[in-house]
Amino acid sequence: RDQLAKWHHQTFFEKFAPGFLVRIGIGKTRTGEAVYRVAEIVEVKDGREHREYKFAGRPTRRVLVCRQGVAIRSFPMEVVSNSPFTPSELKRFD
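First, a word on scope: everything that follows refers to the structure included in this document. (Residues numbered from 1 in each chain as written. Predicted model: local features only at pLDDT ≥ 70, side-chain atom pairs only at ≥ 80, totals over all residues. Heavy atoms only, no water.)

**As for the sheet that holds strand β2 (residues 34–45)**
Strand order in the open sheet made by the four strands is β1-β2-β5-β6, with antiparallel pairing throughout. Two strands close off the open sheet at either side, each with one partner strand: β1 (21–28) and β6 (71–76). Averaged over all pairs of adjacent strands, the angle between strand axes in this sheet comes to 50°, irrespective of strand direction. One ladder, built from seven bridges, connects β1 with β2; its direction is antiparallel. Bridging from a neighbouring strand, K28 pairs with A34 of β2. (Pairing = 2+ DSSP bridges. Helix = DSSP H or I, 4+ residues; strand = E, 2+ residues; numbered from the N terminus. Axes fitted to C-alpha atoms, helices over the stretch in contact; angles between N-to-C directions.)

**Digging into the nonpolar core**
Taken as a class, soluble globular proteins show a tendency for nonpolar side chains to be buried jointly. With 15 residues, the main nonpolar core has L4, V22, L64 and C66 as its most contacted residues. Here this core gets three residues from one element, more than from any other, and that element is β2. Each residue touching V22, except ones within four places of it in the same chain, is listed here: L4, R37, V38, A39, I41, C66, V80 and F85. (Core = buried A, V, L, I, M, F, W, Y, C linked by side-chain atoms within 4.5 Å. Buried < 20%, exposed > 50% of the residue type's maximum accessible area, 1.4 Å probe, protein only. Contact = heavy atoms within 4.5 Å.)

**Quick notes on the environment of E89**
Mapping E89 onto the fold places it in helix α3 (residues 87–93). Residues E89 and E14 lie 75 residues apart in sequence; the distance between their C-alpha atoms is 26 Å. Look past the residues within four positions of E89 in its chain and what remains in contact with it is R23, Y36, V38 and P84. A polar side-chain atom of E89 sits 2.8 Å from a polar atom in the side chain of R23. (Polar contact = N/O pair within 3.5 Å; in protein donor to acceptor, adjacent residues only side chain to side chain.)

**Examining the side chain of H8**
Mapped onto the elements, H8 comes out in the loop between α1 (2–7) and α2 (13–16). Note on H8: relative accessible area 1%, which makes it buried.

**Here we look at the packing of aromatic side chains**
Overall, the coordinates contain four aromatic pairs when judged by the stated rule. Between F16 and F20, the ring centres sit 5.3 Å apart and the planes meet at 45°, which makes this aromatic pair tilted. Grouped by ring-pair contacts, the aromatic residues W7, F12, F16 and F20 constitute a single cluster. The aromatic ring of Y36 is capped on one face by R23, whose charged end is 3.8 Å from the ring centroid. (Phe/Tyr/Trp six-rings, centres within 6.5 Å; stacked < 30°, edge-to-face > 60°. Lys NZ or Arg CZ within 6 Å of the ring centre and 35° of its normal.)

**Focus on the environment of E49**
With respect to the element layout, E49 can be found in the loop between β2 and β3 (53–55). Of the residues examined, E49 reaches a relative accessible area of 61% and is grouped as exposed. Each C-alpha atom of the pair E49 and R61 lies 8.4 Å from the other, and the pair is 12 residues apart in sequence. Separated by 3.4 Å, the side chains of E49 and H50 make a polar contact.

If you want it as structure tokens, here you go:
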């Protein structure tokens, strides 16, 4: 997340980010425990079809298009965790 915060407004970001792995927060369990998944960035999209949100103190509409297994979905960068991957998250990604 720290690296995304540094680079998300750079001109090279859309070409540089695909291929990187991120830890995405996808929600909470019934008991309130956060759930994370490892995902591969396949594309960075920027446009009016995405809601504006603040990331690293700056407004943006950029989203990360990520692959988790065969599923591909867009996520705002604000849901990317700065914590390291856990062994179980990495195993699930394989």
